Amino acid sequence: MPGVSNAALPPQWHDLVAESREARSHAYAPYSKFSVGAAVLTQAGNIFSGCNVENASYGLTICAERSAACAAIAAGQQDIVAVCISLTGTPVPCGTCRQFLYEFNPAMTVLIDDLNKAEDAEPEAVLLSELLPRGFRLEG
Ligand code: THU
């Protein structure tokens, strides 16, 4: 969706993209052969990365975005302000990951690092709330 978002790239976007691409190189995707890397930026300024991890039972596959978010949570950093996803193609995050990320900040910025584009191209930036309007939250 180029040109439809008000989302801005965070100042640390270069580092976020680099970490996301590095994580992609560790993807475990023997079944789909589709490698995905992700990195989340927390309010504290730290970056945590993840990759997709597939499984012979297919349905147990964990996407890169959830893998990265879990790394941040496990480090005690729940305030995710941005997530970068590195892959070829742009229709991400998947629906499951949109809802998973929504839990931690519906207003986070999503950077889509499409590796089909020039290596130094700026990633597309959109708001998670645009990708998942009216996501589910437990509220009284
Ligand atoms: N995948 C991700 O890691 N993130 C997404 O947002 C979409 C899909 C992974 C899951 C699976 O390992 C592979 O890409 C093909 O679907």
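Before going into details, it helps to say that this report is about the structure given with it.

Calculation criteria
Residues numbered from 1 in each chain as written. Predicted model: local features only at pLDDT ≥ 70, side-chain atom pairs only at ≥ 80, totals over all residues. Heavy atoms only, no water. Helix = DSSP H or I, 4+ residues; strand = E, 2+ residues; numbered from the N terminus. Expected span 1.5 Å × (residues − 1). Buried < 20%, exposed > 50% of the residue type's maximum accessible area, 1.4 Å probe, protein only. Arc of directions from axis to C-beta. Contact = heavy atoms within 4.5 Å. Near = heavy atom within 4 Å. Polar contact = N/O pair within 3.5 Å; in protein donor to acceptor, adjacent residues only side chain to side chain. Areas by Shrake-Rupley, 256 points an atom, 1.4 Å probe, with all protein chains shown as cover. 1 Å grid on protein atoms, 1.4 Å probe; cavity = no way out; pocket = protein on both sides within 12 Å on 5 of 7 lines; lining within 4 Å. Sits in = over half its atoms within 2 Å of the grid points. Nonpolar A, V, L, I, M, F, W, Y, C, P; charged D, E, K, R; others polar. Axes fitted to C-alpha atoms, helices over the stretch in contact; angles between N-to-C directions. Parallel < 35°, antiparallel > 145°, perpendicular 65-115°, else oblique. Left-handed = near helix turned anticlockwise from the far one by under 90°. Salt bridge = Lys/Arg side-chain N within 4 Å of Asp/Glu carboxyl O. Pairing = 2+ DSSP bridges.

**A word on helix 1 (residues 13-24)**
With twelve residues, helix 1 extends 16 Å from end C-alpha to end C-alpha; this agrees with the ideal 16 Å at 1.5 Å per step. All of the buried residues in helix 1 are Trp13, Leu16, Val17, Ser20 and Ala23. Viewed along the axis of helix 1, the buried residues span an arc of 130 degrees, placing them on a single side of the element. Residues of helix 1 that are buried in the fold lie against strand 1 (37-42), strand 2 (47-51), strand 3 (80-87) and strand 4 (109-114).

**Considering unusual backbone geometry**
Across the junction of Val92 and Pro93, the peptide omega takes the value -5 degrees, indicating a cis bond. Within the element layout of this structure, Pro93 appears in the loop between strand 3 and helix 3 (95-102). Even without a glycine there, the phi angle at Lys33 is positive, about 60 degrees. For Lys33, the location among the structural elements is in the loop between helix 1 and strand 1. With a phi close to 55 degrees, Arg134 is a non-glycine residue in the positive phi region.

**Some words on the site of the ligand**
Taken together, Ser32, Phe34, Val36, Asn52, Glu54, Thr61, Cys63, Ala64, Glu65, Val92, Pro93 and Cys94 make up all the residues around the ligand. One of the side-chain nitrogen or oxygen atoms of Asn52 is found 2.9 Å away from an oxygen atom of the ligand. The side chain of Glu54 places a nitrogen or oxygen atom 2.5 Å from an oxygen atom of the ligand. When the ligand is considered free in solution it has 370 Å² of accessible area, and contact with the protein chains removes 79% of it. The cavity where the ligand resides is the largest pocket. Along the lines of polarity and charge, the residues of the shell around the ligand split into seven nonpolar, three polar and two charged.

**As for the packing of helix 2 (residues 64-74) against helix 3**
The interhelical angle for the contact between helix 2 and helix 3, taken along N-to-C directions, is 20 degrees, at an axis separation of 9 Å. Viewed along their axes, helix 2 and helix 3 adopt a mutual orientation that is roughly parallel. Every pair of crossing elements has a handedness; the one defined by helix 2 and helix 3 is left-handed. In contact with Glu65, Arg66, Ala69 and Cys70 of helix 2, helix 3 contributes Thr96, Cys97, Phe100 and Leu101. In terms of residue class, the contact of helix 2 with helix 3 is built from five nonpolar, one polar and two charged.

**Brief notes about the pattern of salt bridges**
The full count for this structure, using the stated rule, is one salt bridge. For Asp113, the salt bridge identified is with Arg21, shortest N-O distance 2.8 Å. With Asp113 in strand 4 and Arg21 in helix 1, the pair connects residues that are 92 residues apart, well separated along the chain. The buried category is assigned to Asp113, whose relative accessible area is 2%. Among the residues examined, Arg21 registers a relative accessible area of 22% and is labelled partly exposed.

**Here we look at the sheet that holds strand 5 (residues 124-127)**
Strands in a sheet are paired, the pairing made by backbone hydrogen bonds, and the direction either parallel or antiparallel. The five strands lie next to each other as 2-1-3-4-5, forming an open sheet whose pairing is mixed. Two strands in the sheet have a free side with no partner beyond their single neighbour: strand 2 and strand 5. Direction aside, the axes of adjacent strands within the sheet are offset by 20 degrees on average. Sheet analysis places strand 4 next to strand 5, joined by four bridges and oriented antiparallel. Bridge assignment links Thr109 to a residue of strand 5, and that residue is Leu127. Relative to the sheet, helix 1 contacts strand 1, strand 2, strand 3 and strand 4, its axis offset from that of strand 3 by approximately 50 degrees.

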